[in-house]
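Geometric and topological summary
Single-letter residue listing:
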Amino acid sequence: GSDRVPLRESPRLRPRSGPAGSPLGGQAALVGWDRIDTGTLGGNRAGMATALLLTGVDTAENALAAVTDERPMYLFSDLGQLHQPYPDITEKDGVYTSGGSRANVEDGVVIMGGAREDVHTWRAGCAAWWAASPLQRTASLPPLRFLDEE
């Protein structure tokens, strides 16, 4: 079946857009940071929605490789995206989609259809990898394959 899924499961929150246009519809606090080892980890431990801003220290590759406790619920390429509705991330038959990008995992390889520099590609890639590897105790980047680069 096809289901809308969050980038990272949270017992309290699910990604959705609301009247305020923010990812949480202006209904909850969002911890946004450019480091997964401090801001994201702290927000996750506090049970808050977390966002990794890809504007500083950590990259999309760091997010994908993150240990379970450091995985953000949201990925943003810049601060301006905080004021836009967060896109649906859907799953059908093991293929995750975000925007026009898609990703799945085969034999431990994250296969991404979308531009390497597009945050949608990384959202789909993270969702696919994190579903395939739900408990990751050490940060480790899996092999990546970008279909658009073949």
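Note: the structure precedes this text.
What you see is a predicted model, and the numbers here were worked out from it, not measured in a lab.

**Details of the pairing of strand β2 (residues 30–33)**
A regular strand carries its side chains on alternate faces of the sheet. Of the pairings in the sheet, the one linking β2 to strand β3 (residues 49–53) comprises four bridges and is parallel in character. When the sheet's bridge partners are listed, Val31 is paired in β3 with Thr50. Once you follow β2 into helix α1 (residues 36–45) and on to β3, the crossover reads as right-handed.

**Looking at the pattern of salt bridges**
Counted under the stated rule, the structure contains three salt bridges. Between Asp37 and Arg35 there is a salt bridge, and its shortest N-O distance comes to 3.0 Å. The class for Asp37 is partly exposed, based on a relative accessible area of 34%. Of the residues examined, Arg35 reaches a relative accessible area of 31% and is grouped as partly exposed.

**As for the packing of aromatic side chains**
For any two aromatic rings, the description comes down to two numbers: the centre-to-centre distance and the angle of the planes. Per the stated rule, a full pass over the model turns up four aromatic pairs. For the ring pair Phe76 and Tyr86, a centre distance of 5.5 Å and an interplane angle of 75 degrees mean the geometry is edge-to-face. Highlighted residues: Phe76 in strand β4 (residues 74–76) and Tyr86 in the loop between β4 and β5 (89–92), separated in sequence by 10 residues. Of the two residues examined, Phe76 and Tyr86, each falls in the buried class. Seen in terms of ring centroids, Trp122 and Phe146 are 5.6 Å apart; in terms of plane orientation they differ by 65 degrees. Their pairing is edge-to-face. In this pair, Trp122 sits in helix α3 (residues 119–132) while Phe146 sits in strand β9 (residues 144–146), placing the two residues 24 residues apart along the sequence. Since its relative accessible area comes to 4%, Trp122 is described here as buried. The exposure class of Phe146 is buried, given its relative accessible area of 4%.

Each value, and the rule that gives it
Residues numbered from 1 in each chain as written. Predicted model: local features only at pLDDT ≥ 70, side-chain atom pairs only at ≥ 80, totals over all residues. Heavy atoms only, no water. Pairing = 2+ DSSP bridges. Helix = DSSP H or I, 4+ residues; strand = E, 2+ residues; numbered from the N terminus. Right-handed = clockwise from strand over helix to strand, strands pointing away. Salt bridge = Lys/Arg side-chain N within 4 Å of Asp/Glu carboxyl O. Buried < 20%, exposed > 50% of the residue type's maximum accessible area, 1.4 Å probe, protein only. Phe/Tyr/Trp six-rings, centres within 6.5 Å; stacked < 30°, edge-to-face > 60°.

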